[in-house]
Amino acid sequence: MLTTLKKEKIVSHEKATYMEVLGANRVIYRVTSAKVTKDKTESNVFGIEAETRIGPVRIKETIDDFSADVKSAVKFAEFLVKYNIKPSLIYNAALCFLRETI
């Protein structure tokens, strides 16, 4: 038996930097805000970015839709700064943060 899975389409309209912090490990942490449309309804989502530059090489990791609540996104950015998380470890840090907050 074959079934068709319908995937919901989520469209991002605008993206803006809500907050930016330079950590002690020279990593820039950003909380971003974006408006997304899902099933013809608009809502705001907040994402997290971590970026570092080593010479001409730029390393950047992003979680575009981390939370619908700005407070939890800012707390996560503070968590990243506190523990000097590298961009490559941002997803592991997100899991640890969510484990502590639940």
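For the structure itself, look to the data block above.
Residues numbered from 1 in each chain as written. Predicted model: local features only at pLDDT ≥ 70, side-chain atom pairs only at ≥ 80, totals over all residues. Heavy atoms only, no water.

### Comments concerning unusual backbone geometry
Despite not being glycine, arginine 26 shows a phi value in the positive range, around 60°. For arginine 26, the location among the structural elements is in the loop between strand E1 (10-22) and strand E2 (28-38). The backbone of asparagine 84 sits at a positive phi, close to 50°, despite the residue not being glycine. Here asparagine 84 is to be found in the loop between helix H1 (70-82) and helix H2 (90-101). (Helix = DSSP H or I, 4+ residues; strand = E, 2+ residues; numbered from the N terminus.)

### Observations regarding the packing of aromatic side chains
For the coordinates displayed, the defined rule picks out 7 aromatic pairs. Aromatic side chains phenylalanine 76 and phenylalanine 79 sit 6.2 Å apart centroid to centroid with 20° between the ring planes, which places their arrangement in the stacked category. Residue phenylalanine 76 and its partner phenylalanine 79 are both found in helix H1; the two are separated by 3 residues, about one turn of the helix. Each member of the pair, phenylalanine 76 together with phenylalanine 79, is buried. Taken together, the aromatic side chains of Phe66, Phe76, Phe79, Tyr83 and Phe97 make up a single cluster linked through ring pairs. (Phe/Tyr/Trp six-rings, centres within 6.5 Å; stacked < 30°, edge-to-face > 60°. Buried < 20%, exposed > 50% of the residue type's maximum accessible area, 1.4 Å probe, protein only.)

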